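What the coordinates show
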Amino acid sequence: MNTIFGWLLFAGIVALGLSIVSGMYFHADDPERPETMAYSVEVAAEGGDGPVIPIANFLAEGDAAAGAKVFAKCQACHTINQGGPNGIGPNLYGVMGAAIGGHAPGFAYSSALQEKGGSWTYDEMNAWLENPKAYAPGTKMSFAGLGNPEDRANLMLYLVENGGGPPLPEPVEIVEEGAVEGETDGAGEGPGVTEGEPVGDIEAAGAMGDEQPVPSQGSAAEN
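For clarity, every value in this text was computed on a predicted model and none was experimentally measured.

Here we come to the packing of aromatic side chains. Counted according to the given criterion, the structure contains six aromatic pairs. Judged by centre distance (5.9 Å) and plane angle (85°), the rings of Trp7 and Phe10 are edge-to-face. Residue Trp7 and its partner Phe10 are both found in helix α1 (residues 2-26); the two are separated by three residues, about one turn of the helix. Assessed through its relative accessible area of 58%, Trp7 is described here as exposed. The partly exposed category is assigned to Phe10, whose relative accessible area is 49%. Seen in terms of ring centroids, Phe71 and Tyr158 are 5.6 Å apart; in terms of plane orientation they differ by 50°. Their pairing is tilted. With Phe71 in the loop between α3 (64-70) and α4 (111-114) and Tyr158 in helix α7 (residues 149-161), the pair connects residues that are 87 residues apart, well separated along the chain. Considered together, Phe71 and Tyr158 belong to a single accessibility category, that of buried residues.

Parameters and conventions
- Residues numbered from 1 in each chain as written.
- Predicted model: local features only at pLDDT ≥ 70, side-chain atom pairs only at ≥ 80, totals over all residues.
- Heavy atoms only, no water.
- Phe/Tyr/Trp six-rings, centres within 6.5 Å; stacked < 30°, edge-to-face > 60°.
- Helix = DSSP H or I, 4+ residues; strand = E, 2+ residues; numbered from the N terminus.
- Buried < 20%, exposed > 50% of the residue type's maximum accessible area, 1.4 Å probe, protein only.

This is how it looks when you write it as structure tokens:
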């Protein structure tokens, strides 16, 4: 029995000693942050660092064929062929330019959508497609929305292909925030413009100055 208790006592002393030594080596009791981290996580700053691009610009570069693929998300509730039946949602043939909440005969639109009034302009449809519940609180539309403006533009072009719609809005030239007439881009070559801006009348770009366009904010169709 003495031998057994002796070994147990010895094992306990060894374990305590190893714990103290490992704690000193790995700084287990040190509250300070290590100088070198295993990895770092970068968090993006809030807010964008560039101008908001109007939906008109996406429409100008959009593709109705790509919009047909986006419409696949809508087919569970909507038809788009001329004379097609209403489903969970209304038939969407000729919806662009039609009255909001009233273009499909016989469909029971929600009062939230009927009370919006007006017609489906590109700005209105853009806002609806982006977030139906925010656009018309109380709508029966359960779709979460299309966050990508390219998808929204392509879908609208596909809707135009199926029933027509208003003329497409003119794209807006994007100028750097704070640009003024006569301001150079640092190289003495006229007003600075954002990356990807089409080559055009530089003087016109400078004349726009601080008069920045303020686009409207903006799945598939009304419900």
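Right, picking up where we left off after that structure.
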